[in-house]
Amino acid sequence: MTDTAERRAKMPEPLHGVVVRFAGDSGDGMQITGDRFTSVSAAFGNDLSTLPDFPAEIRAPTGTVNGVSSFQVHISDHDITTPGDAPNVLVAMNPAALRADLKRLTPGGLIILNGDNFEERDLTKAGYAFDPREDGSLNGYKVVDVPMTRLTYSATEPLGVKQRDAERSKNFFALGLISWLYSRPVETTMAWIGERFAKNTLVAESNKAAFMAGVVFGENTELFDHPYSIAAAKMAPGEYTNITGNTALAWGVVAAGQLANLPVTLGSYPITPASDILHELSKHKNFGVRTFQAEDEIAAAGSALGAAFAGHIGVTTTSGPGVSLKGETISLAISMELPLLVIDIQRGGPSTGLPTKTEAADLNMAVYGRHGESPLPVVAAYSPSHCFDAAIEATRIAIKYRTPVILLSDGYLANGSEPWRIPDTSTLPDISVSFATEHNHTNDDGTTEYWPYKRDPETLARPWAIPGTPGLTHRIGGIEKSEGRGDIDYSPDNHSFMVHMRAAKVAGIAKDIPLVDVDDPDGADILVLGWGSTWGAIREAITNLREQGTKVAHAHLVHVNPWPSNLGEVVRKYKTVLMPELNLGQLCRMVRAEFLVDAKPVSKVAGLPFTSAELEAAILEAAK
Amino acid sequence: MTDTAERRAKMPEPLHGVVVRFAGDSGDGMQITGDRFTSVSAAFGNDLSTLPDFPAEIRAPTGTVNGVSSFQVHISDHDITTPGDAPNVLVAMNPAALRADLKRLTPGGLIILNGDNFEERDLTKAGYAFDPREDGSLNGYKVVDVPMTRLTYSATEPLGVKQRDAERSKNFFALGLISWLYSRPVETTMAWIGERFAKNTLVAESNKAAFMAGVVFGENTELFDHPYSIAAAKMAPGEYTNITGNTALAWGVVAAGQLANLPVTLGSYPITPASDILHELSKHKNFGVRTFQAEDEIAAAGSALGAAFAGHIGVTTTSGPGVSLKGETISLAISMELPLLVIDIQRGGPSTGLPTKTEAADLNMAVYGRHGESPLPVVAAYSPSHCFDAAIEATRIAIKYRTPVILLSDGYLANGSEPWRIPDTSTLPDISVSFATEHNHTNDDGTTEYWPYKRDPETLARPWAIPGTPGLTHRIGGIEKSEGRGDIDYSPDNHSFMVHMRAAKVAGIAKDIPLVDVDDPDGADILVLGWGSTWGAIREAITNLREQGTKVAHAHLVHVNPWPSNLGEVVRKYKTVLMPELNLGQLCRMVRAEFLVDAKPVSKVAGLPFTSAELEAAILEAAK
Amino acid sequence: MSDTIVPLTTKKDWTSDQEVRWCPGCGDYGILLAVQMLMPDLGVAPHNTVFVSGIGCSSRFPYYMNTYGMHSIHGRAPAIATGVAIARPDLDVWVITGDGDALSIGGNHLIHALRRNVNLTILLFNNRIYGLTKGQFSPTSELGKVTKSTPMGSVDPPFNPLAVALGAEASFVARTHDLDRKHMMETFRAAHDHKGASFVEIYQNCNVFNDAAFDGVTGKQSRPSNMINLVHGQPIRFGPENERGVTMGSDGQLRLVDVADVGEDALLVHDAHRSDPSLAFALARLSHDDHSPTPFGIFRSVDRPEYASSVAAQVVQAAEKKGPGDLDALLRSNGTWFVA
Amino acid sequence: MSDTIVPLTTKKDWTSDQEVRWCPGCGDYGILLAVQMLMPDLGVAPHNTVFVSGIGCSSRFPYYMNTYGMHSIHGRAPAIATGVAIARPDLDVWVITGDGDALSIGGNHLIHALRRNVNLTILLFNNRIYGLTKGQFSPTSELGKVTKSTPMGSVDPPFNPLAVALGAEASFVARTHDLDRKHMMETFRAAHDHKGASFVEIYQNCNVFNDAAFDGVTGKQSRPSNMINLVHGQPIRFGPENERGVTMGSDGQLRLVDVADVGEDALLVHDAHRSDPSLAFALARLSHDDHSPTPFGIFRSVDRPEYASSVAAQVVQAAEKKGPGDLDALLRSNGTWFVA
Ligand SMILES: Cc1ncc(C[n+]2csc(CCOP(=O)(O)OP(=O)(O)O)c2C)c(N)n1
Ligand SMILES: Cc1ncc(C[n+]2csc(CCOP(=O)(O)OP(=O)(O)O)c2C)c(N)n1
Ligand code: SF4
Ligand code: SF4
Ligand SMILES: [Mg+2]
Ligand SMILES: [Mg+2]
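Calculation notes
Residues numbered from 1 in each chain as written. Chains lettered and ligands numbered in written order. Predicted model: local features only at pLDDT ≥ 70, side-chain atom pairs only at ≥ 80, totals over all residues. Heavy atoms only, no water. Helix = DSSP H or I, 4+ residues; strand = E, 2+ residues; numbered from the N terminus. Rg over C-alpha atoms; globule rule 2.2 N^0.38 Å. Buried < 20%, exposed > 50% of the residue type's maximum accessible area, 1.4 Å probe, protein only. Contact = heavy atoms within 4.5 Å. Areas by Shrake-Rupley, 256 points an atom, 1.4 Å probe, with all protein chains shown as cover. pLDDT = per-residue confidence, 0-100. Donors = N, O, S within 2.8 Å, 3.2 Å for Na, K, Ca; no water. Buried area = accessible area lost by both parts, 1.4 Å probe. Salt bridge = Lys/Arg side-chain N within 4 Å of Asp/Glu carboxyl O. Polar contact = N/O pair within 3.5 Å; in protein donor to acceptor, adjacent residues only side chain to side chain. Pairing = 2+ DSSP bridges. Core = buried A, V, L, I, M, F, W, Y, C linked by side-chain atoms within 4.5 Å. Nonpolar A, V, L, I, M, F, W, Y, C, P; charged D, E, K, R; others polar. Axes fitted to C-alpha atoms, helices over the stretch in contact; angles between N-to-C directions. Near = heavy atom within 4 Å.

Asks: Run through the overall build of chain A, naming residues and quoting values.
Replies: Scanning chain A from terminus to terminus reveals 21 helices and 24 strands. For chain A, whose C-alpha radius of gyration is 27 Å, the value lies close to the compact-globule estimate of 25 Å for 624 residues. Across the 624 residues in chain A, those meeting the buried criterion constitute 68%. Contacts spanning at least 24 positions in sequence make up 76% of the contacts within chain A whose residues lie at least 6 apart. Of the accessible surface of chain A, which amounts to about 19900 Å², a share of 53% is contributed by carbon and sulfur atoms.

Okay, here's the thing in structure tokens:
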């Protein structure tokens, strides 16, 4: 494979990594541009992490700050776990993009603008009284002002492309320029453009021309005295794909069906940021997956529960507001002791809150948000690719213990992506369970019966007898029922027994999950105890701090209820326990209550993930 | 006032108190019998506490154990707070009643049964293979077998009452007998019967005849060698009424409207055991109370919230399953910062659970049961009559702080009754608030505006500007909004500010509630920290223990979120903190998390309130 | 999963061991009996039958049937049953619900199940009251009704359940009542045999909280004059001597007439199979009170695609087009690269 | 509480300071303009007007009106607005909702608000798609529609919103579309003036996710032949030369005819005020697709008791009967005794 940069006199300067943010109008194709830069870097062998940043759900007028759509990608020659705290490079296709994202840029960072979009009109739309290029607001940054639109016109004109069509190619010019700047292989992208726009050759040609124009512009202008290169990262050998959390989660559900050897029925009502899971799963009917877009969240959960009663893996996907509506149905599933996988892609709350922004404040609801004593297991994914494993684990628990399980992800994991080493599917766990096929109780007179609440002494799970099985007809419901026979039973002792039994069943799952392991190479006094999407920022912060010689330990919970049985031991071992959460300290309160240790919350509720810098500061502060 | 007993040679033997349980078929009129015995005892000046025990919601065949309806009343010559752990007297109108309630009776207790209902047929219906009167199962009890039916026939026959009608008078025979046995005034009951059945004189006469027959039977038979008397209790002087929790709660809501000088709009969907509040409030439209029976709980909460936006006190009443459904609407109220009173009459859960049985396991849901960071105040009533004050206090907080408030009661308080000294209404708090009437913000250019989220620096509450007010038009909603102007605002800093602001507003209410006071006359090491309906049993247990010389302190929380500001200080003062709850230790976890004290739960989840004996045992155990 | 040999069953095979717990005299007993007597004739097996109910007196029904059953939560039965049907089109799924369960809290799930035409047999026990919660008005209670929650009389005008169903695209709509076992059995059989969602309103007497609610129509003396029996393809006639009938005017208004006045040919001929639901709707609106001529029987029964089978068909079709799911291929479907 | 002097207002008085944020070309702009232009003519004041919406693109509407407004939660606007109306019958309450908001998650609240006849003016923006969540099918999307959630085509048959409303006892039902401001304003005015719940379906174009959904009816070339304008008391005619009409057969079936064939007198005369909703229902079912003759205008407008005023009336009546509430008396109403 040849590389444009190599052919050049100007040798690229090697970097360990760079964070590039593509920003433009919703219509400017920034997501596809970022995606492409990501893929080519992935294929090239860099480690990477991405974070798309959409405007809020409603469309905003073009050219305005509210209409800005961005895509941030962090590529590196070593192991990374976040899309980067602050971009080193900002590609701004218009003044609004500059205005929206400038504050994020690292001091002295590089700004590449499309100068053709800085007309009076554009500036006013963006809310600029003066041209930021002239009024000194860009002082302290390296600014490269490129007439991208005009250069795209001239590059595509020979092909007979009309200017207004050419407009749509200018993002490829930007991609070309950045590809040159970071010495990305050109051919793969050219080939990709060909396939992607195969349906319309003129568009394909136009995009290719714009892309090459960008590359050539980089080569020839003196604006940059040389390109850069980021070597491939040392990653475990294997086949990789770049995956977002929602895709990984959907695939995990498909995989769970295969591994359990059961059909999947998804009941879902669309809601940001969970809708994509419904979209993805609806593409995989050939796996026996049925997707049902219900009339509301209650019906979504209800239909999934009905499917579970009928012998399917019942799944329902939603976000916070939806879980608030499903509580009564989940409580029914707890009482009937049927499997139900409830997936909550958390977003900013309360109420409608910040639909497109991330938060992790649904934990309290997941653990406590139903009437009566309604215990259920809660599993949390910690990275985009981990959503795949988390979906399988949550399903395993649900069908083995005949219980609803809440799986927590969030907007950051849902839309963020990272390279994922594709697992050897033969190594994935067998999570199959068996249905009841015959009577499980013998009366004194020797006659036999099916008792729907006669439990497995090991798991305390009740049998799962599905309709269609001769001889096992039975009735279940939400009224308290007698242990064993499962008949309606209001008696005090039985209710007390059942309440404790349901609690014991869920608590007992702790025996069936791995111990939490602590990363503590050099015997620290401080433990950072995390859960969910804070993992990436915690990893990065800890790596940085250790390089600076700070001792700090890290443990991360995938099972947030029940906990690994060694958690108490772990937290008691440390002088200081810090718990970063994208909420006001929800898990922290649970840990304090259980172990009476003075765990300290580190909270962020700004609709954004933690930056590693924020966590480093918090840890150093605590280390004082 | 003359008294039958006094006229008799046999002088009544004075007792300090007695617990009588009237048990019979749903159709036997046990509730009215118990009610009447209660009223006459109340009027007589005893302290008392009652507990009706209905069959589960669905009707059961007559004569079966499932069809038994009971009414337990505890009357005493001193201050009491529970209906009594175990009855001293069981009036059983049929074998099913005997079978259902025998186990509750104190050893050596008195059983009065209607022998006419112990035919073969009746016994089988009740599930007795043999006649319990003969097979020795009643050994150890004092059994008085009375042919009540036949005696009622002969008493009413002269009036020309048909036997099948006379059937319906036999509960009055039982009432007469018990009235004699405990020297209750006869005239008042005779008079009451006259009024109560004024519409149908024959029925009235028949009941009177049956009642007198019971009295006379007591006087003349040698079955009892003498009657008993329970002197009036020393109660604070004043005018008293006997009140159930649900009535007190409904009246409290009416009072709150008067004290706030605002109309009340109740949006409710019927559900046991909360329906009676809807029924009661629907009778008081002349107080400007509007009652709306909505299509479901979500609409019930929504309509109440709409009414609040329009300037009414918005109230919604329900039980656990209903609160599980209202979560999303409550979260909207939190975001819009509008007053909303959510009343949860707790029952056994999860799911449909035990609709007619009591439990207090909705606390977690009340505090944590919504998506996102959704803090709200929670108030809990501790006795039937306290429901009146609790409703006023919950309303005060809701309208002053512009927040939804959850008021917790339970099935035990709802249907239980006690004497209530009617308050001098002029001493009730003024809880009125004022609506915004003019612009509250001045811009730099001197122009003024109305800012819906510009807060009162004291309470942090936002202004309440109601439709119809000229110049104050504004829009609010569930999306995050900017402090001050209240415009949609997704920005990180504003969201973070608002999340903390909403939390601070609720936490700040602690400044506006009384400190929790501790009843600790003799410097105990053990603190019993309670909330809700456990109060009565705790009081009784503590009184008994102190009489036996055990030192124990008691504190009881009315405000379960936020807590009185001295709670930490209080719990840290004691070596042992015991927390009795009708759940698995929900408040206990919160206290442990907040103060890191090793508070110990005392749990009961049997659909029944604590008995004082259970608590005495738990306290003594802890005292070891 | 389900065996295909259909055993010959008797009523006993369909009766569970649970003691029936409705008030003595409740109309629910008659309905239960009708269903238990009908089942053996349907050529289905108890273990391939599922009864799903919500909450209410009527919703206790599944406990008494010796089939698979779920006594779920208030109003949600149609949604839960939809999940059962989607997962297992091979099963016979029945929904038992009340006027509050189906039309108050459950209204949304009901209309959507009907719109989708999910293969459910829905029996609505309409007693025009909330029975289980001891007597509040329901969405089918008459205006002005005095109940525990409406001491001054209800200000809520009632729904017409059949009109709601027809407005929601129901493909099978019928009405029967708890006093006529034969008519119930015929109606339930037709509802069961219909492929798609079948909606049956059953006038059911709650003798404790709303006694005699339907006497004006189904009572002994009212029946002859006030019950109109709809028969597909037959002119609509009723009355003690069958002397009265129904006509449709060119102004689009149905009228009750004396056959003698207009002649047999002028009468409206019932057409239950018409794709346009308007005629069925008009018939459903014929009576506006509890004591005027009211149609019974099958108002509408038309074929349209059944939902669960359409869902299943796409699963098959997808497998045919893409081949059975291949997990390894799926995980590689977004492009991959190798690290050596 | 609200002052009675109605200020003369202009469009400006009804326009808030918020930047309107719909996609360029969205049909919502035209509807907003129609409402803002109409309000000054209604003789009401902005501060006595409340707009309540759910969630969806359409539900952003209240932010743009300079009135009291609530952008509530998905599907619940009719319930919340009912509370506003019950508390304050003096206010003008509007509900803004979408096809998903009103007919999917909010279906139950909608039909109950219509049944009760609460004084709400309900505008349903029907774009036959979920706009805000970026393009899933809705309960009004056509069968077989390919969307993000239905790659193989939807198997859900759609609701007919007017049929749903009529099945739910709606007293005012109308249809208009986003391209005809004059017609929208007339329709909204009639809806506003109607005392009770008024339901207006607005064909609204979502040019981003479901562009041209209604072209077959409201498009320039289709209009003449496919838009039927309903006028109370007038024979129903349509077509480029008004040459076509509608008749009702004695079999209870509406038919599209050439006036020449049947003669003017045979035509069905529109009667919007008829208490029986059957005719309006039949007209609502006239077209079953997006490219055949479809009626617009007011299908039904009948007087029946308005809910909030009935509630208010009982409050007044109770006060008259029992006298104004006396708390001291209430606390003594269950019998009392004295302890000295
Ligand atoms: C979520 C929820 N809300 C309310 C209730 C209380 N509830 C149980 S049944 C019922 C209504 C019963 O009426 P209907 O559906 O007509 O059945 P019926 O008893 O008349 O047969 C109500 C309000 C409940 N169990 N769950
Ligand atoms: C409880 C809840 N469920 C789901 C959503 C996500 N959601 C927002 S709007 C919407 C549907 C929008 O469609 P429609 O009502 O037709 O309005 P439109 O955007 O088309 O105008 C959905 C599913 C939500 N905000 N809240
Ligand atoms: S309350 Fe009414 S409906 Fe319920 S069981 Fe009794 S009679 Fe039947
Ligand atoms: S998505 Fe559709 S409905 Fe929503 S604003 Fe854009 S064009 Fe309008
Ligand atoms: Mg009913
Ligand atoms: Mg829409």
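Asks: Pulling in residues and values, what's your account of the overall build of chain C?
Replies: Of regular secondary structure, chain C possesses 12 helices and 12 strands. Considering only C-alpha atoms, chain C reaches an extent of 90 × 50 × 45 Å along its principal axes. When the 340 residues of chain C are sorted by exposure, 66% land in the buried category. Considering only intrachain contacts with a sequence separation of at least 6, the fraction spanning at least 24 residues in chain C is 66%. Summed over its atoms, the accessible surface of chain C is roughly 11200 Å², and 55% of this surface lies on carbon and sulfur atoms.

Asks: Before we move on, can you summarise the confidence of the model for chain A with the specific residues and values?
Replies: Looking at chain A as a whole, its pLDDT mean stands at 95, while 98% of the residues score no less than 70. Under a pLDDT of 50 for its full length, residues 1-8 of chain A has, in the predicted model, 16 contacts with residues more than four places off or in other chains.

Asks: Report on the coordination of the magnesium ion (ligand 5), specifying residues and quantitative values.
Replies: All names here are of chain C. Ligation of the magnesium ion (ligand 5) by protein atoms is provided by Asp99 (OD), Asn127 (OD1) and Ile129 (O), these donors lying 2.1 to 2.2 Å from the ion. The sequence pattern formed by the donor residues of the magnesium ion (ligand 5) is D-x27-N-x1-I. Of this pair, Asp99 sits in helix α3 (residues 99-105) while Asn127 is found in the loop between β4 (120-126) and α5 (161-167), placing the two residues 28 residues apart along the sequence. Each member of the pair Asp99 and Asn127 is classed as buried.

Asks: Break down the coordination of the magnesium ion (ligand 6) for me, citing the residues and quoting the values.
Replies: Residue and element names in this part refer to chain D. Asp99 (OD), Asn127 (OD1) and Ile129 (O) make up the full set of protein donors to the magnesium ion (ligand 6), lying at 2.0 to 2.2 Å. Each donor residue of the magnesium ion (ligand 6) lies on the same chain, and together they follow the pattern D-x27-N-x1-I. For Asp99, a relative accessible area of 2% gives the class buried.

Asks: Which residues make up the interface of chain A and chain C, and what values do they have?
Replies: Counting residues at the interface gives 69 residues for chain A, matched by 61 residues for chain C. Buried surface at the junction of chain A and chain C, both sides included, amounts to about 5400 Å², of which 63% is carbon and sulfur. Broken down residue by residue, the surface that chain A buries against chain C is led by A:Asn286, A:Glu295 and A:Arg475, which jointly contribute 13%. Ionic pairing is found between A:Arg485 and C:Asp17, a salt bridge with its closest N-O pair at 3.1 Å. In this assembly, chain A and chain C are joined by 31 residue pairs in polar contact (both at pLDDT 80 or more).

Asks: Can you explain the pairing of strand β5 (residues 89-92) of chain B? Please cite residues and give values.
Replies: Residues and elements named next belong to chain B. Side chains Val89 and Val91 project from β5 onto one buried face, and the interleaved Leu90 and Ala92 project onto a second face that is buried too. For strand β2 (residues 17-25) and β5, the ladder comprises 4 bridges, and the chain directions are parallel. Within the sheet, the bridge partner assigned to Ala23 lies in β5 and is Ala92. Relative to strand β6 (residues 110-114), β5 runs parallel, the two sharing 4 bridges.

Asks: Go over the nonpolar core, please, and point to the residues and values.
Replies: Ranked by size, the top nonpolar core spans 369 residues in total, and within it A:Leu529, A:Val591, B:Leu529 and B:Val591 carry the most contacts. Those residues within four positions of A:Val591 in sequence are excluded, and the remaining contacts are A:Leu529, A:Trp563, A:Val571, A:Met579, A:Leu596, A:Val597 and A:Ala599. In terms of nonpolar packing, the next biggest core, distinct from the first, is built from 45 residues, B:Ile32, B:Ile112, B:Trp180 and B:Phe217 among them.

Asks: So what's going on with the interface of chain C and chain B? Which residues, and what values?
Replies: At the junction of the two partners, chain C supplies 27 residues and chain B supplies 25 residues. Around 2100 Å² of area is buried between chain C and chain B when both sides are counted, 57% of it from carbon and sulfur atoms. When the buried surface of chain C facing chain B is broken down by residue, C:Arg21, C:Ile105 and C:Leu132 rank first, second and third, together holding 21% of it. At the junction of chain C and chain B, the tally comes to 0 salt bridges. Each residue belonging to the side of chain C that touches chain B can be placed in one class, and the counts come to 14 nonpolar, 7 polar and 6 charged.

Asks: Got a sec to walk through the sheet that holds strand β11 (residues 289-293) of chain B? Specific residues and values, please.
Replies: Whenever strands of a sheet pair, they do so through backbone hydrogen bonds, lying parallel or antiparallel. Residue and element names in this part refer to chain B. Sheet architecture is open: 7 strands sit in the order β11-β10-β12-β13-β15-β14-β22, paired in mixed fashion. At either end of the open sheet lies a strand with only one pairing partner, and these are β11 and β22 (559-561). Neighbour-to-neighbour, the strand axes of the sheet open up by a mean angle of 25°, direction not taken into account. Relative to β22, strand β14 (residues 378-380) runs antiparallel, the two sharing 2 bridges. By the bridge assignment, Val378 is partnered in β22 with Asn561.

Asks: Can you explain the site of ligand 2? Please cite residues and give values.
Replies: The local shell around ligand 2 holds 21 residues, among which A:Glu297, D:Cys57, D:Ser58, D:Asp99 and D:Asp101 are the closest. Near ligand 2, the surrounding residues are drawn from chains A, B and D. The backbone of D:Gly100 places a nitrogen or oxygen atom 2.9 Å from an oxygen atom of ligand 2. In this structure, an oxygen atom belonging to ligand 2 sits 2.6 Å away from a main-chain N or O atom of D:Asp101. In the complex, the protein chains occlude 99% of the 590 Å² of accessible area that ligand 2 would expose alone. Sorting elements by how many residues they give to the shell around ligand 2 places helix α3 (residues 99-105) of chain D first, with 3 residues.

Asks: I'd like a description of helix α2 (residues 77-87) of chain C, backed by residues and values.
Replies: When you tally the buried positions in α2(C), you get 11 out of 11 residues, the bulk of the element. Where α2(C) is concerned, the buried positions are C:Ala77, C:Pro78, C:Ala79, C:Ile80, C:Ala81, C:Thr82, C:Gly83, C:Val84, C:Ala85, C:Ile86 and C:Ala87.

Asks: Talk me through the sheet that holds strand β19 (residues 475-477) of chain B; I want residue IDs and the actual numbers.
Replies: Strand order across the open sheet formed by 9 strands is β19(B)-β2(D)-β1(D)-β3(D)-β4(D)-β6(D)-β5(D)-β11(D)-β7(D), with mixed pairing between neighbours. Only two strands of the sheet have a single neighbouring strand rather than two, namely β19 of chain B together with β7 (227-230) of chain D. Pairs of neighbouring strands in the sheet enclose a mean axial angle of 20°, with direction left out of account. Across the sheet, helix α6 (residues 181-193) of chain D touches β3 (92-98), β4 (120-126), β5 (172-177), β6 (198-203), β7 and β11 (294-301) of chain D, and the angle it forms with β5(D) is around 165°.

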